[in-house]
Amino acid sequence: MKHLLSAIAITLAAVVPVKVMAECGTGEIDFETTYPNAWKKAEAKSSATLNADGLLWKVSKPGIAPSYLFGTFHTEDVNATPAGRAALEQLHHQRMVFFELGAGIKAEMQAALVTDPYLIIAQEPAPLSTWLSDTLAARLKAQTTALGLPAQALPAIKPGMLFAMISIPPCALRAAATRGAPMDDQVRQVAEAAGITGIGLENWRDQLGLFIDKPLAEQRSLLRLGLAANPDPEAAYSLTYRLYQQGRVQMIWEISMAIAEALIPGDKVISTGV
């Protein structure tokens, strides 16, 4: 059990903000050329969506001081985009700032897992072969092995947690382990230095619950979907990072959905467990 918890601790950053860097290459797939129809469909839907682009939004009403909504991607530097620099400038004029997560939740989560490992360990482990195809099982083993998690531990972990673990490629996690504070923490540090009140909207249990509180069947479907619809995690992550830097936030969603539909038409992966 202690060895399993140590291995899981390596990947806990997958469910809290981590800093992603250009150390991630472009992967082996160029989504625009490999899936041209999906790309065109995504671009069309994104173009037809009102206010599809933008990272920093102003919320204003006559007679009331404006507020701002800034979308972060946990990159290395809040100054990486013009929107980030503008957000920092406006921060100094605010009375308080709200963050997705409270401060220090990673340490709190790790401590909670030591106390109650069954938060993420399956109470009734089942062999992967009973609910994953050979192809998807091999893909899961490859991705989690790269994270430092032994293959023999996989059946003992809740599928929702496994999905969270593979949501960020190892290259991003390696970069996060060797560099400074992620974007959200940088903003928090600036706010604290300026005496601005910071409030976290969610705690570690809220975040973890998104993955582990679903019924087992839904957790398995989620993991199958994530494995089947994402054959090249590094390429997908790098594309998302590039679109974020361009401020094309709606395109991030649309291309994800279009690729999933192209690879698993009719949600076949969910209905059949392929």
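All residue numbers refer to positions counted from 1 along the written sequence of the respective chain. Per-residue local features of the predicted model are confined to residues with pLDDT of at least 70, and side-chain atom pairs are confined, for both listing and counting, to 80 or more; whole-chain, interface and lining totals are unaffected and use all residues. Side-chain metrics rest on all non-hydrogen atoms present in the structure, leaving aside hydrogens and water.

Participant: Could you give an account of helix H6 (residues 134-146), with specific residues and numbers?
Facilitator: Going along the chain from the N terminus, every DSSP run of H or I of four or more residues is numbered as a helix, and every run of E of two or more is numbered as a strand. Every helix has an expected span of 1.5 Å times one less than the residues it contains. Compared with the 18 Å implied by 1.5 Å per residue over 13 residues, the 18 Å span of H6 between its first and last C-alpha is a close match. Per-residue accessibility, obtained with a 1.4 Å probe over protein chains only, is compared with the maximum for each type, and a residue is labelled buried under 20%, exposed over 50%, and partly exposed between these values. Of the residues making up H6, those classed as buried are Leu136, Ala137, Leu140, Gln143 and Thr144. Projected down its long axis, H6 shows its buried positions confined to an angular sector of 135°, all on one face. Facing away from the buried side of H6 by more than 90 degrees, the exposed set consists of Asp134, Thr135 and Ala142. The positive-phi residue at the C-terminal boundary of H6 is Gly148, with phi of around 100°. Here the arc refers to the set of directions running from the helix axis out to each C-beta atom.

Participant: I'd like a description of a nonpolar patch on the surface, backed by residues and values.
Facilitator: Residues qualify for a patch when their relative accessible area is over 30% and they have no salt bridge, like charges being joined within 9 Å and the nonpolar side chains of Val, Leu, Ile, Met, Phe, Trp and Tyr within 5 Å. The Shrake-Rupley method, run with a 1.4 Å probe, gives the accessible areas here. Residue values count only the displayed protein chains as cover. A pair is scored as a salt bridge if a Lys or Arg side-chain nitrogen falls within 4 Å of a carboxyl oxygen belonging to Asp or Glu. On the surface, a cluster of nonpolar side chains totalling about 370 Å² of accessible area is made up of Met96, Phe98, Ile199 and Leu201. Every element with two or more residues in the nonpolar patch is listed here: strand E3 (96-101) and strand E4 (197-202). Inspection of the secondary structure puts Ile199 in strand E4. Residue classification places Ile199 among the partly exposed positions, given a relative accessible area of 31%.

Participant: How would you explain the side chain of Asp232 if you had to name every residue and give the values?
Facilitator: Within the secondary structure, Asp232 is located in the loop between helix H11 (216-228) and helix H12 (233-245). We score Asp and Glu as negative and Lys and Arg as positive, and we do not count His or the chain ends. Although Asp232 lies buried, it forms no salt bridge, and the closest oppositely charged side chain, Arg139, sits 9.7 Å away as judged by the N-O distance. The term polar contact refers here to a pair of N or O atoms within 3.5 Å; inside protein, the definition further demands a hydrogen-donor-capable atom paired with an acceptor-capable atom, and it admits residues adjacent in sequence only when both atoms are side-chain atoms. Polar side-chain contacts of Asp232 include one of 3.0 Å to the backbone nitrogen of Ile29. Within the local environment of Asp232, its side chain forms a polar contact with the backbone nitrogen of Ala235, the two atoms lying 3.1 Å apart.

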